[in-house]
Structure formats: structure tokens, C-alpha cells
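# Breakdown of the fold
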Amino acid sequence: MKKFNNYAASLIFTILTAFFIIFTVFVRFAGTTVMNEKFYTDIVKSEKLTDSVLNSINKFFDDSYASSGIPAEVYLNAIDKDKLESAICNKIENTILEIKGEKVSDKEVFNFSEVEKSITNYFEAFAEENNVDVNEKYQEQLDKTIEAAKTEIENHIDIFMLDIMDRSGVLDKAEKLYPFLTPVMIAVISALAVCIVILAVLNRKSIPALFYWGAVSCLCSSVIVAVPCLILKFSDYFNGLVIRTDYIFKSVTAVLYSMVDALLLVQIIIFAAAVILFVLYAVTGRLKKS
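Since this is a predicted model, take the numbers as computed values, not measurements.

## What about unusual backbone geometry?
Even without being glycine, lysine 48 reaches a positive phi, approximately 50 degrees. According to the relative accessible area criterion, lysine 48 is exposed, its value standing at 52%.

Written out as C-alpha cells, the structure is:
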């Protein structure tokens, strides 16, 4: 009876250990990946998202030529690719830092001076060539065109729709929840440590049994998380998201698949730990018998 009670208790705390391993993984994932600005900026560079943004800007101004009469080159020749990529990364970094309550960079996300200069030069050349009076109406149209161009470029810089999330209150909620991340991490790790200690006490007379229950905990936790991740990855699940804007679709799916890959990597490590513990269980079990 005593042996059965010990087995039942070990099984219960093995299940609890598995779930606390999962909780620990996800809380740590939130802190080190989801709230890590470098995670997003690295994706911007590795996935060449700036190229997609430039293509979209080109298409927009090319399509608007019929109504504005301004060639797309007027805008595109004034946009430096490296500076645009830097602006995209600055937007992401400033948003994440603001959520974390850290100091936000004072530098401008994107300097529009070259865009303003290019549009102004085009207007002046057009006015001179077509004898257009440079009056108040001319200046009003120039200012309107510059403002419209700046707004459109700013919208393209926001590849993760951070401004929309800000207006909807999502970022405010994230900012309020972020301070609880560290206390939750401490609580979860403490609970995990308690479960491991209890398992050790329950199996203090049998080292192989301790290795066995530890292996089962690691195996269960890794399988529970890894299976959904593998389904998401190899079924191309996120490709079915309905996002009509190409560069936003590419940005969002790149982040989601990278998050899945990051979780899978952790599960591989936990699975490897389970294999090692099973090997130790087998070795110590044989030594005990001999």
C-alpha cells in the first residue's frame, strides 16, 4: 500500500512538474522573445522586409500617379534603403522600450528632409516649365503633397501595425502587464523547484526512480508544446492569415514562424534532457540490480 501511495504521489508531482516546466518556458519566452526588440529587428534584416516595404511604397506612388501626376521616382529617389530599415527598427525598438518602461530614443524615426526636398524640387521644376504661378494655392498643394507622402511612408514603416495596436489600447495593456512578468517568473520557477524537491524526497531511496520521473516530466512537457508547434510549422498554418497588404503579411508571418521555431528549439533541448535522464535511469537501474 505504501509503495502504491508513493507511486501515486510521484505520478501527481510528475504531472505538476511537467506543467510547471511548460509555464516556465512560456513565461521566459514572453520575457526573452516576445518582449525582446532585437528579436523583431533581426527578423526585419534576415527576412529582407525592407525590400518588401520599398516595393509596396513604389506600387502605391506608382498607382497614385494617375491622380497626382507625380512620378513614383520623385519619392523613391529620396528614400535611402538603409535609412528606411533603420527607421523600421527604430519604430519597433521605441515601442518595445516604452512598454518595458525604459528610456526611448530621442532620435527621429525617419528623417523626411530628402523627401520634402525632392517633392519641392519637382514642384518648382514643374511650375517653371509650365508657367505656374507660385502663389498661396501652389504652396498649399505642395504642403498637402508632402504631408500625404510623409503619412504614407510612416504607415509603411509601421510593419507590425503598432500604431493601430496603440490606438486600440493593446499596447497600454501590455505596458500594465509587463511589470508582473518577473514576479510570475519567480513564482513559476519556485513552484517548479518545489515539485522537483518533493519528487526527490519521495524517491530518495531509489535514484533510478527519480531519474525516471524526471525523464517523464521532461518528455511530457516537450511533447505537449512541440506537437502543436510542429503542426503550425509544417502545415504552413499562418500562411492562411487574411492580411491583404503584402509587406505586413510577410512581416507578421515571419515573426510568428520565428516564434514557433524558438519554442521548438527549447522543446528539443528539454526532449534531449528527457533522453539523458532515461539513459541515467537505465544505467543506474542496472547498477542497482548488480
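## Describing the layout of surface pockets
By volume, the largest pocket is sized at about 440 Å³. Lining the largest pocket are 18 residues, with Tyr40, Phe160, Leu162, Met165 and Met259 sitting closest to its centre. Of all elements in the fold, only α6 (81-99), α9 (162-167), α10 (170-177) and α13 (246-289) reach the threshold of two or more residues within the lining of the largest pocket. Per-class residue counts for the lining of the largest pocket are 17 nonpolar, one polar and no charged.

## Brief notes about a nonpolar patch on the surface
Together, Tyr7, Leu11, Ile15, Phe19, Phe23 and Ile224 give the surface a local cluster of nonpolar side chains, amounting to about 550 Å² of exposed area. With five residues, the single largest contributor to the nonpolar patch is helix α1 (residues 2-34). Within the fold, tyrosine 7 resides in helix α1. Residue classification places tyrosine 7 among the partly exposed positions, given a relative accessible area of 46%.

## A few points about the environment of serine 10
Summarising the element assignment, serine 10 is placed in helix α1. Judged by relative accessible area, which is 0%, serine 10 ranks as buried. For serine 10 and leucine 210, which are 200 residues apart along the polypeptide, the C-alpha to C-alpha distance reads 9.0 Å. Setting aside anything within four residues of it in sequence, one finds serine 10 in contact with Leu199, Leu202, Asn203 and Trp213.

## What to know about the nonpolar core
Judged by nonpolar contacts, the single largest core of 68 residues is most densely connected at Leu84, Ile92, Phe110, Val115, Ile119 and Ile159. Here leucine 84 is in contact with Thr50, Val53, Leu54, Ile57, Ile79, Phe110 and Ile157, once residues within four sequence places are set aside.

## Here we look at the packing of aromatic side chains
The final tally for this structure, using the stated rule, is 14 aromatic pairs. Taking 4.9 Å as the distance between ring centres and 75 degrees as the angle between the ring planes, the aromatic pair formed by phenylalanine 110 and phenylalanine 112 counts as edge-to-face. Accessibility assignment for this pair places phenylalanine 110 and phenylalanine 112 in one class, buried. A centroid spacing of 6.4 Å and a plane angle of 25 degrees characterise the contact between tyrosine 122 and phenylalanine 126, whose relative ring orientation is stacked. Taken as a pair, tyrosine 122 and phenylalanine 126 lie in helix α7 (residues 113-129) at a separation of four residues, close to a single helical turn.

Calculation rules
- Every residue gets a number counted from 1 within its own chain, in the order that chain's sequence is written.
- Confidence filtering applies because this is a predicted model: local features only for residues at pLDDT of at least 70, side-chain atom pairs given and counted only at 80 or more, and all residues used for totals across whole chains, interfaces and linings.
- Hydrogens and water molecules were not included; the side-chain quantities draw on all heavy atoms of the structure.
- In this scheme, a residue with accessible area under 20% of its type's maximum is buried, one over 50% is exposed, and one in between is partly exposed, where area comes from a 1.4 Å probe on protein chains only.
- Think of a 1 Å grid over just the protein atoms. A cavity is a set of points where a 1.4 Å probe fits yet cannot get out, a pocket is an open set with protein on both sides within 12 Å along at least five of seven lines, and lining residues have an atom within 4 Å of a point.
- Grid points are joined across faces, edges and corners, and a volume is the space filled by probe spheres set on the points.
- Numbering of helices and strands starts at the N terminus; helices are DSSP runs of H or I of at least 4 residues and strands are runs of E of at least 2.
- Residue classes follow a fixed rule: Ala, Val, Leu, Ile, Met, Phe, Trp, Tyr, Cys and Pro count as nonpolar, while Asp, Glu, Lys and Arg count as charged, and any other residue, Gly among them, counts as polar.
- Patch rule: a residue counts if its relative accessible area is over 30% and it has no salt bridge; like charges are joined within 9 Å, and nonpolar side chains (Val, Leu, Ile, Met, Phe, Trp, Tyr) within 5 Å.
- Areas reported as accessible are Shrake-Rupley estimates using a 1.4 Å probe. Residue values count occlusion only from the protein chains shown.
- Any Lys or Arg side-chain nitrogen located within 4 Å of an Asp or Glu carboxyl oxygen qualifies as a salt bridge.
- Contact between two residues is taken to exist if any of their heavy atoms lie within 4.5 Å; hydrogens are not considered.
- Nonpolar cores are built from buried Ala, Val, Leu, Ile, Met, Phe, Trp, Tyr and Cys residues. Side-chain atoms within 4.5 Å join them into one set.
- Working definition: a ring pair exists when centres of Phe, Tyr or Trp rings (six-membered ring for Trp) sit within 6.5 Å. Plane angles under 30 degrees give stacked, over 60 give edge-to-face, the rest tilted.

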